[in-house]
Amino acid sequence: MHIAVIGTGYVGLVTGVCLAEIGNTVTCLDVDEEKVSLLKSGRSPIYEEGLEELLTKNLRKGNIQFTTDYREGLAGKEVIYIAVGTPERPDGSAELKYIESVCRAISENVRQDVVIVTKSTVPVGTNQYIKDLIEARLTPPITISVVSNPEFLRQGTAVHDTFHGDRIVIGSEDSWALELLEAINQPFQLPIVKTDLRSAEMIKYASNAFLAAKISFINEMSHLCAQVGANVDNVAAGMGMDKRIGKKFLHAGVGYGGSCFPKDTNALIAMGKQFDYQMPLLESVQQVNEMQRKRMVDMITTRLGSLDNKVVVLLGLTFKPNTDDMREAPSIRVAEELLRTGAVVKAYDPVAIPSAKTVMPEPVLFTSDLEEALQGADAAVIMTDWQQIKSFPLEEYRRLLVHPLLFDGRNCFTLAEMKNSGIEYHSIGRPVVN
Ligand code: NAD
């Protein structure tokens, strides 16, 4: 198939490269000239395991190309994927201005019948809106069909997830467009859920909101565990063995972040408001998440008292490991709170220092050297469970910190291994060790 993918961010680039890998001819389009010229030279602007290898391989084979020119990018394409951002508006709803500008560009530049596939996460009804917008400016007799094909990849394992995900969801009112998308996706050999347009749009939001709820649930439990002397990891393990519950997303920590869970729960709440429905469960999910970040700072101040001129080092800045994405990372809020209380904040991350510098509050002292980060700090706070942090020898933590005081926002270590470490260890929902 001849396919265009509009937007070369986390979703668009991975989609484009993987569609090329399974044998399609793909043109990826982006308005960001710098990104496009980097991609043309075979370099990925984002850090995703395996992505650059697949990119260079398919560039060499001539299966994928990049452009900023819509006329060139859409010429002769049978299918156009939309993967531009849908960030949060101040009122929590999804911003559709990038989608709208893509629709304008499609209607002005497409010269053939085409199937439009929306990968972006969009509020229910948006695919119909996309169809209406494009058709309003299209020169007949060109016809379009729309398909909702929400994305479920996880940043950090995006390429793996595209080939090994749990399901592919496609929704449309056109049965032949559904069949076409089923055929395109067949080589991934994953279960395909075929449904109507609006249900497909809703599946994405409901899935993310459910996962966010699971995280906030175990975080709420973690607080009570700490009070009553239970160990939340043992509780989660015991709960997770029940197949009706499942063990995934039951990991207590400093809360969820990233570009999807916070914005998608907000967008769902905003959708509810449109229909006069308040969604009290989701509002609580967000509230617990916000409290969890604050709780980490409370743990530190309870232990250290005044943080005036105390050096606190944040270990890991991204919302999860194996990505350089800093959007809505809990480390931002924790750094803000620590600075507000007078602490000197140092920050370590193995890959995200450049992106962190653009969003972290000032003044923060950045380093991508873990040893340098720990040197002379009064306390260390694990914010991201990067392998580099988990496998750093505990005796080195003890040697480098002024006080061997470690706050672990991701429960990276077992209490048993911390027992003999000589480090005072505070974690989430578990007894303090040493
Ligand atoms: P992103 O911000 O990384 O990338 C968006 C890209 O679109 C940017 O490169 C931008 O330059 C480009 N763009 C903007 N306007 C354009 C236009 N008019 N024409 C061409 N290109 C344009 O976004 P992302 O993280 O890839 O997310 C994209 C969508 O996928 C969002 O709706 C998001 O909610 C959803 N999603 C994201 C993830 C994730 O893990 N990041 C997972 C599932 C779904």
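As named in an unreviewed UniProt entry, the protein is UDP-glucose 6-dehydrogenase, taken from Sediminibacillus albus. The annotation that UniProt attaches to the protein under Sequence similarities (unreviewed entry) is "Belongs to the UDP-glucose/GDP-mannose dehydrogenase family." Its UniProt record gives the protein the following Pathway (unreviewed entry) comment, quoted word for word: "Nucleotide-sugar biosynthesis; UDP-alpha-D-glucuronate biosynthesis; UDP-alpha-D-glucuronate from UDP-alpha-D-glucose: step 1/1."

So, about the UniProt feature "active site" (unreviewed entry) in the protein. Mapped onto the present numbering, the UniProt feature "active site" (unreviewed entry) falls on Cys-260. Counting through the fold element by element, Cys-260 comes out in the loop between helix H10 (232–240) and helix H11 (261–274).

Here we take up the UniProt feature "binding site: NAD(+)" (unreviewed entry) in the protein. Cross-referencing UniProt, the feature "binding site: NAD(+)" (unreviewed entry) maps to Asp-30, Lys-35, Thr-86, Thr-121, Lys-263 and Arg-327 in the present numbering. The greatest C-alpha distance among the annotated residues, which extend across 298 residues, is 24.3 Å, indicating that they are dispersed rather than converging on a single site. Discounting residues that sit within four places of it in the chain, Lys-263 has contacts with Pro-87 and Glu-88. Within the secondary structure layout, Arg-327 lies in the loop between strand E9 (311–315) and helix H13 (330–340). With 20 C-beta atoms counted inside 10 Å, the residue Arg-327 sits in the buried group.

Examined at the domain level, the protein breaks down into domain 1 (2–195) and domain 2 (211–427). Contacts between domain 1 and domain 2 engage 15 residues on the former and 15 residues on the latter. A class-by-class count of the residues in the side of domain 1 that touches domain 2 yields 6 nonpolar, 6 polar and 3 charged.

With an omega of 10 degrees, the peptide bond running from Pro-140 to Pro-141 counts as cis. With respect to the helices and strands, the residue Pro-141 is situated in the loop between helix H6 (126–137) and strand E6 (144–148). Glu-362 connects to Pro-363 through a cis peptide bond whose omega is -5 degrees. Structurally, the position occupied by Pro-363 is in the loop between helix H14 (353–359) and strand E11 (364–367). Of note, the phi angle at Met-279 is positive, near 55 degrees, even though the residue is not glycine. Among the structural elements, Met-279 can be located in the loop between H11 and helix H12 (280–304). Phi at Asn-309 is positive, roughly 60 degrees, even though this residue is not glycine. Inspection of the secondary structure assignment puts Asn-309 in the loop between H12 and E9. Classification of Asn-309 by C-beta neighbours within 10 Å gives exposed; the count is 9.

Moving on, we get to helix H8 (residues 175–185). Within H8, the full set of buried residues consists of Ala-177, Leu-178, Leu-180, Leu-181 and Ile-184. Each buried residue of H8 sits inside an arc of 160 degrees when the element is viewed along its axis, so together they form one side. Counted as exposed and oriented over 90 degrees from the buried face of H8: Ser-175, Trp-176 and Ala-183. Elements that come into contact with the buried residues of H8 comprise strand E4 (79–82), strand E5 (114–118), E6, strand E7 (168–171) and strand E8 (192–195).

The strand order E11-E10-E9-E12-E13-E14 describes an open sheet built from 6 strands, whose pairing is parallel. On the outer flanks of this sheet lie E11 and strand E14 (424–427), each paired with one strand and no other. Pairs of neighbouring strands in the sheet enclose a mean axial angle of 20 degrees, with direction left out of account. Where strand E13 (residues 405–408) and E14 come together, 4 bridges link them in parallel fashion. Across the sheet, residue Phe-407 finds its bridge partner in E14, namely His-426. With respect to the sheet, H12 is in contact with E9, strand E12 (379–382), E13 and E14, its orientation differing from that of E12 by roughly 160 degrees.

The rules we used
- Per-chain numbering applies: the sequence of each chain, read as written, is numbered from 1 onward.
- Only residues with pLDDT of at least 70 get local features here, since the model is predicted, and only at 80 or more are side-chain atom pairs given and counted; chain-wide, interface and lining totals rely on the full set of residues.
- UniProt positions are given in the numbering used here, feature names are shortened, and annotations may be inferred rather than shown by experiment.
- A run of H or I in DSSP counts as a helix once it spans at least four residues, and a run of E counts as a strand once it spans at least two, with each numbered from the N terminus.
- In this description, a residue-residue contact is defined by the distance between C-beta atoms placed from the backbone, which must lie within 7 Å.
- Counting other C-beta atoms within 10 Å of its own, a residue is labelled buried from 20 upward, exposed at 12 or fewer, and partly exposed in the gap between, with every C-beta atom placed from the backbone.
- Here the bounds of each domain stem from an automatic or database domain assignment.
- Charged residues are taken to be Asp, Glu, Lys and Arg, nonpolar residues to be Ala, Val, Leu, Ile, Met, Phe, Trp, Tyr, Cys and Pro, and polar residues to be all remaining types, Gly included.
- The directions considered for the arc run from the helix axis to the C-beta atoms.
- Strand pairing is defined by DSSP finding a minimum of two bridges between the two strands.
- In this description, a line fitted to the C-alpha atoms serves as the axis of each element, helices being fitted only across the stretch in contact, and the angle between N-to-C directions of two axes falls anywhere from 0 to 180 degrees.

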